[in-house]
Amino acid sequence: MSTFKVEDMSCGHFEKAITTELTKGDLTVKVKVDLKTKLVEVENLTDDRVVFLLKEIGYNPEKVK
């Protein structure tokens, strides 16, 4: 599991947009978004792919762990 800080998310709309973008119908990809801490946890997707996809929809993720 990888964790990313996404400072520019602030509401449920962002949570849905991020989850939709990262999963893109792939049921093996697991995404957990915590709006309070602004953390996104992702399983079964490479870190490079997560960063690429989030930047593609306008976010600037920072790898935490």
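Further up the page is the structure itself.
Residues numbered from 1 in each chain as written. Predicted model: local features only at pLDDT ≥ 70, side-chain atom pairs only at ≥ 80, totals over all residues. Heavy atoms only, no water.

**Things to note about the nonpolar core**
Phase 1 of the analysis: Val6, Met9, Ile18, Leu22, Val40 and Leu54 are the most contacted members of the largest nonpolar core, which totals 13 residues.
Phase 2 of the analysis: Elements with a minimum of two residues in this core: α1 (12-23), β3 (39-43) and α2 (47-56).
Phase 3 of the analysis: In this structure, Ile18 is in contact with Val6, Met9, Val33, Val40, Leu54, Ile57 and Tyr59, ignoring residues within four places of it in sequence. (Core = buried A, V, L, I, M, F, W, Y, C linked by side-chain atoms within 4.5 Å. Buried < 20%, exposed > 50% of the residue type's maximum accessible area, 1.4 Å probe, protein only. Helix = DSSP H or I, 4+ residues; strand = E, 2+ residues; numbered from the N terminus. Contact = heavy atoms within 4.5 Å.)

**Remarks on the pairing of strand β2 (residues 30-34)**
Phase 1 of the analysis: Relative to β3, β2 runs antiparallel, the two being bridged by five bridges. Residue pairing across strands places Asp34 opposite Leu39, the latter belonging to β3.
Phase 2 of the analysis: Connecting β2 to the next strand, β3, in antiparallel fashion are four residues, including Lys38 with a positive phi near 60 degrees. (Pairing = 2+ DSSP bridges.)

**Here's the deal with the pattern of salt bridges**
Phase 1 of the analysis: This structure, assessed with the given rule, holds three salt bridges.
Phase 2 of the analysis: Glu7 is the salt-bridge partner of Lys5, the closest N and O atoms lying 3.9 Å from each other.
Phase 3 of the analysis: Relative accessible area serves as the criterion here: at 26%, Lys5 is assigned to the partly exposed category.
Phase 4 of the analysis: Among the salt bridges present, the one from Lys63 reaches Asp47, with a minimum N-O distance of 3.2 Å. Here Lys63, found in strand β4 (residues 62-63), pairs with Asp47, found in helix α2; they are 16 residues apart in sequence, far enough to count as distant. (Salt bridge = Lys/Arg side-chain N within 4 Å of Asp/Glu carboxyl O.)

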